[in-house]
Structures are given as C-alpha cells and as structure tokens.
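Listed below are the residues making up each chain.
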There are 2 protein chains.
Amino acid sequence: MEIKVLKDILGANEQIAVRNRELLDKNNVFAVNLMSSPGAGKTNLILATIKQLKEKIKIGVIEGDISSSLDAEMIGKEGVPVVQINTGGTCHLDANMVSNALSNVPLPDIELLFIENVGNLICPASFALGEHKKVVISSVPEGDDKPFKYPLMFDIADVVIINKIDLLPYLKFDVAAFSQAIKGINEKVEIFQISCTTGQGIQRWVTWLLTQMSRR
Amino acid sequence: MEIKVLKDILGANEQIAVRNRELLDKNNVFAVNLMSSPGAGKTNLILATIKQLKEKIKIGVIEGDISSSLDAEMIGKEGVPVVQINTGGTCHLDANMVSNALSNVPLPDIELLFIENVGNLICPASFALGEHKKVVISSVPEGDDKPFKYPLMFDIADVVIINKIDLLPYLKFDVAAFSQAIKGINEKVEIFQISCTTGQGIQRWVTWLLTQMSRR
C-alpha cells in the first residue's frame with residue numbers, strides 16, 4: 001500500500017501561487033506584491049501611483065490587513081476596484097488568501113494589480129502570492145540598519161523603495177550606506193528614492209513600472 | 001491506559017514564562033518587554049534610559065533580533081551587561097529563548113532588565129516572556145492609524161510610548177486621536193510622549209519606571 005504524504009505548507013502555497021500567476025497572465029494583469037514595516041507608506045505609494053497613472057492604465061488593489069478596512073476605503077475613494085483581505089491575526093498574506101480575493105477582482109477590467117501585504121518586515125517574505133514583482137518599501141525614519149536586521153526581506157525584493165526622503169534633513173540616514181548594504185545582500189535589486197508627500201521620485205518609479213508592464 | 005496529551009504551544013510558553021518570572025522575582029529584577037515595529041526606537045529608548053539611570057540603578061539588556069548584533073554592540077558600549085538572542089528567522093521572542101538568555105544574564109548584579117523584542121507589531125503580542133510590564137513603542141512617522149490596524153498589540157500593552165515627537169511639525173499625526181484610539185482598546189494603558197533624539201519626555205518615563213520598581 002502506498003501512503004500519500006501531504007506537501008508541506010510552503011510547497012502547497014507555492015502551488016497556489018503558480019495558479020494565481022497563471023490566472024493573472026491569462027488576463028494580462030501585472031501584479032506587484034508590496035511589503036514593508038507598518039507605516040512605511042504602502043498605501044500612500046499606491047495612492048501616488050494611481051494619481052500618476054489612472055488616466056493611462058486600469059488599476060486594481062487587494063488590501064491585506066490584520067483587521068480594519070481603513071486603507072481599502074481610502075483607495076476606494078479614487079474610483080479603483082479594491083478587495084479587502086482581513087487575516088484576523090495572521091501576520092502575512094498567503095497565496096490561498098489572494099486566490100480567494102482574485103475571484104472578487106474584475107480581472108478583465110484591470111492591467112495593474114497592487115497587492116498590499118500586512119505591515120511586517122519578516123513573515124511576508126516567505127510567502128509567494130503569484131505576483132510578478134516583489135517591492136519592499138523602507139522608510140527613512142526606520143533607520144539605515146534594516147538590511148542587516150531583516151536580510152531575507154531585502155534578499156527576495158525585486159525593488160526597494162526608500163520612502164519619506166523629505167524627512168532626510170531631520171534624521172540620521174545614510175542613503176549611500178543603506179543602498180550598499182542592500183546591494184551586498186541582493187546585487188540585482190532596483191532602488192528608488194521617493195517621497196509620497198512631496199511627489200519627489202514618483203515619476204521614475206512609475207516609468208519603471210510601465211516599462212516592466214510593456215516588456216511582458 | 002491513560003494517554004498523555006501535550007500542552008499546546010501557548011500553554012507551554014506560558015509555563016516557561018511563569019518560571020522566568022519566578023527567577024526574576026527571586027533576584028529582585030524588574031523586567032520590561034519592549035515591542036514595536038522595526039525602527040520605532042526600542043534600542044534608542046533603552047540607551048536614553050541607561051543614560052538617565054545608570055548612576056542610580058543597575059541595568060541589564062536582552063537583545064532580540066532575527067540576525068545581527070548591531071543593537072547589542074551599541075548597548076554594550078554603555079557598560080551594561082547585554083545578551084543577544086538571534087531568532088534565525090522567527091518573528092518574535094518566546095519564553096524559552098528568554099529562559100536560555102537569562103542563564104547568561106548576571107541577575108544578582110542587576111535591578112532592571114530590558115528585553116528588546118524582534119521588530120514586529122503582530123507576533124510578539126502573543127508570547128509572554130515572564131516580564132513585569134509590556135511596553136509598546138509607536139513612532140510618529142508610522143501614522144496615527146496603527147491601533148486600528150494592529151489592535152492586539154495595543155490591547156496587551158501596559159504602556160504605549162509615542163516616540164519621535166520631535167517630528168510632529170513635519171508629519172500628519174493627531175496625538176489626541178491616536179491616544180483616544182488606544183484608550184478605546186485598552187482603558188488602563190499609560191501613554192507617554194517622548195523623543196529619544198531631543199530627550200523630551202524621557203524624565204517622565206523614567207520616573208514612572210522607578211515608581212513601578214519601588215512598588216514591588
């Protein structure tokens with residue numbers, strides 16, 4: 001008799017992530033998994049990007065939170081479709097949560113999907129969702145030592161966005177040392193400096209995003 | 001035949017936490033579990049407290065990090081005993097890790113022990129360590145919506161410290177609304193406003209700490 005062995009949880013997650021990716025590709029939707037510490041600016045980056053691109057491309061959003069739908073409400077006001085996932089205590093999104101959310105996203109009507117993960121610099125790094133790119137936001141007030149303390153998150157990132165650069169005059173944060181630390185972990189990563197408050201650097205980020213989408 | 005059932009992990013953690021607490025009490029050591037998002041100011045609060053109190057009381061520190069010993073090295077320079085726990089990926093300290101660390105802390109030589117948890121506003125809230133007080137630091141740049149988004153952390157806190165108040169002029173952060181949101185979750189919590197950079201509010205925090213220690 002053959003005994004069937006269940007796949008471990010990461011294996012199962014990986015399989016569902018592949019199916020999510022297939023569904024996204026079939027609908028020609030480019031998906032970005034946005035990760036950061038609490039309050040680093042994930043929602044503000046989505047809002048700033050919508051502002052720049054809403055006349056050019058159709059955007060949708062999946063919002064991940066432990067509880068509350070504050071961010072989803074803010075994004076909904078911009079007139080883009082938004083689906084809320086409340087994890088109810090779980091410290092990250094997983095592929096199955098995103099799969100359920102995707103059935104409520106009007107995929108034929110969008111071209112770019114932001115998936116805002118739970119605010120956490122640790123757990124989300126271990127769970128593929130089916131995204132095309134993983135974007136990590138690290139904000140100036142958090143300090144420039146974060147790559148040394150949370151190496152996995154910076155290792156798996158395709159892009160690191162340094163947000164809140166308008167606060168550089170008031171804080172000790174060495175952009176060059178920070179960037180060098182990230183490159184030491186992950187040579188291929190793209191790094192952008194932005195401020196969602198002043199709009200500085202948003203254009204460069206948006207241009208990168210459009211280039212990635214056009215290359216598919 | 002009686003079948004023994006193992007306690008669930010939280011039950012086991014709770015038991016080890018009780019033993020840690022007994023060991024701390026036997027040695028007359030007051031322990032504070034410091035929790036926050038990455039970069040909210042846990043290490044800076046410890047450094048500011050050491051600066052104020054090192055002539056008055058004997059302080060020790062347990063440093064929790066995923067990897068690196070950057071914070072422990074900074075604290076070691078102040079001449080206080082410090083023990084590093086590297087969790088190797090785990091997103092919170094637990095009572096067993098602290099139990100192992102305590103065997104390396106010179107308990108008879110200290111009166112106040114800071115346990116700096118892993119930077120994470122979710123997972124550490126669920127794990128008692130044997131501490132006397134749970135202190136949560138929330139920094140101004142993270143935004144004033146955090147109690148709604150991470151309610152458990154604010155629910156289990158004895159104290160919430162609003163750090164980086166020197167940045168209030170440059171950011172949208174409603175201290176009154178933030179405090180009201182916390183009190184809505186946790187009526188008994190103490191709230192302090194501080195800046196580790198300017199020293200503002202540190203005296204009031206330190207006075208509270210000494211009062212708690214003298215009441216035991």
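Once a new chain begins, its residue numbering starts again from 1 and follows that chain's sequence as written. For this description, chains carry letters from A and ligands carry numbers from 1, given in the order in which they are written. Given that this is a predicted model, residues contribute local features only at a pLDDT of at least 70 and side-chain atom pairs are listed and counted only at 80 or more, while totals for whole chains, interfaces and linings are drawn from all residues. Remark: hydrogens and water are excluded; side-chain values derive from all non-hydrogen atoms of the structure.

Q: Would you mind showing me how to read the overall build of chain A here?
A: Helix and strand assignments follow DSSP, with helices taken as H or I runs no shorter than four residues and strands as E runs no shorter than two, numbered in order from the N terminus. The number of helices and strands found in chain A is 8 helices and 7 strands. Oriented by its inertia axes, the alpha-carbon framework of chain A measures out at about 65 × 40 × 35 Å. The buried label goes to any residue with under 20% of its type's maximum accessible area, the exposed label to any with over 50%, and the partly exposed label to all in between, with areas taken from a 1.4 Å probe on protein chains only. The burial tally for chain A puts 56% of its 216 residues in the buried class. Here the analysis covers contacts within chain A between residues at least 6 apart in sequence; of these, 73% occur between residues at least 24 apart. Surface accessibility in these figures is a Shrake-Rupley result with a 1.4 Å probe; residues are shielded only by whichever protein chains are displayed. If you sum the accessible surface of chain A, you get close to 9,700 Å²; carbon and sulfur atoms cover 51% of it. Across chain A, 22 positive and 25 negative side-chain charges occur, with their mean positions spaced 3 Å apart. Contact definition: two residues touch when any of their heavy atoms are within 4.5 Å. In this tally, Lys and Arg are treated as positive and Asp and Glu as negative; His is ignored, and so are the chain termini. A charged residue contributes its charge at one atom only: NZ of Lys, CZ of Arg, CG of Asp or CD of Glu.

Q: I keep staring at the sheet that holds strand E3 (residues 82–86) of chain A and nothing clicks. Help me out?
A: Pairing between the strands of a sheet comes from backbone hydrogen bonds, and it takes one of two forms, parallel or antiparallel. Residue and element names in this part refer to chain A. Ordered by their spatial adjacency, 7 strands build an open sheet running E3-E2-E4-E1-E5-E6-E7, and the pairing between neighbours is parallel. Since the sheet does not close on itself, it has two edges, and those belong to E3 and strand E7 (190–193), each with one partner. In this sheet, adjacent strand axes meet at a mean angle of 20 degrees when their direction is disregarded. When DSSP locates at least two bridges between a pair of strands, those strands are taken to pair. In the sheet, strand E2 (residues 59–65) pairs with E3 via 5 bridges, with the strands oriented parallel. Across the sheet, residue Gly-64 finds its bridge partner in E3, namely Ile-85. In this fold helix H7 (residues 175–185) packs onto strand E5 (133–139), strand E6 (159–163) and E7, with an angle of close to 160 degrees to the strand it touches most, E6. Lines are fitted to the C-alpha atoms to define the axes, a helix being fitted only along its stretch in contact, and any angle between axes, read from their N-to-C directions, falls within 0 to 180 degrees.

Q: Sorry, what's going on with the relation of the copies chain A and chain B here?
A: Each copy of the chain is related to the other by a rotation around an axis and a translation along that axis. In superposing the copies, a least-squares fit is computed on C-alpha atoms, taking residues whose pLDDT is at least 70 in both. Each copy superposes on the other: chain A lies on chain B with an RMSD of 0.0 Å after a rotation of 180 degrees and an axial shift of 0.0 Å. With respect to symmetry, the two chain copies, as superposed, fit the operation of a two-fold axis. Same-surface contact between copies: 100% of interface residues of chain A are shared with the interface of chain B.

Q: Even after reading the chapter, I still don't get the nonpolar core, so can you show me in this structure?
A: Inside soluble globular proteins, nonpolar side chains tend to come together where they are buried. Residues Phe-154, Val-160 and Ile-162 of chain A together with Phe-154, Val-160 and Ile-162 of chain B are the most contacted members of the largest nonpolar core, which totals 46 residues. Dropping the residues within four chain positions of it, Val-160 of chain A is found in contact with Val-136, Phe-154, Phe-178, Ile-182, Val-189, Glu-190, Ile-191 and Phe-192 of chain A. The term nonpolar core refers to a set of buried residues drawn from Ala, Val, Leu, Ile, Met, Phe, Trp, Tyr and Cys, joined through side-chain atoms within 4.5 Å.

Q: Sorry if this is basic, but what is going on with empty space enclosed by the protein here?
A: Empty space among the atoms becomes apparent when a probe as large as a water molecule is rolled across them. Whether a set of points on the 1 Å grid over the protein atoms alone is a cavity depends on a 1.4 Å probe fitting there but being unable to get out, while an open set qualifies as a pocket with protein on both sides within 12 Å along at least five of seven lines; lining residues are those with an atom within 4 Å of a point. Grid points are joined across faces, edges and corners, and a volume is the space filled by probe spheres set on the points. Following the criterion strictly, the structure yields 1 cavity of 30 Å³ or more and no others. Of the voids in this model, the largest cavity is the one considered here, and its volume is about 70 Å³. Lining of the largest cavity is provided by 16 residues; of these, Ser-139 and Glu-142 of chain A together with Pro-38, Ser-139 and Glu-142 of chain B occupy positions nearest its centre. When grouped by side-chain class, the residues that make up the lining of the largest cavity number 6 nonpolar, 6 polar and 4 charged. Each residue gets one label: Ala, Val, Leu, Ile, Met, Phe, Trp, Tyr, Cys and Pro are nonpolar, Asp, Glu, Lys and Arg are charged, and the others, such as Gly, are polar.

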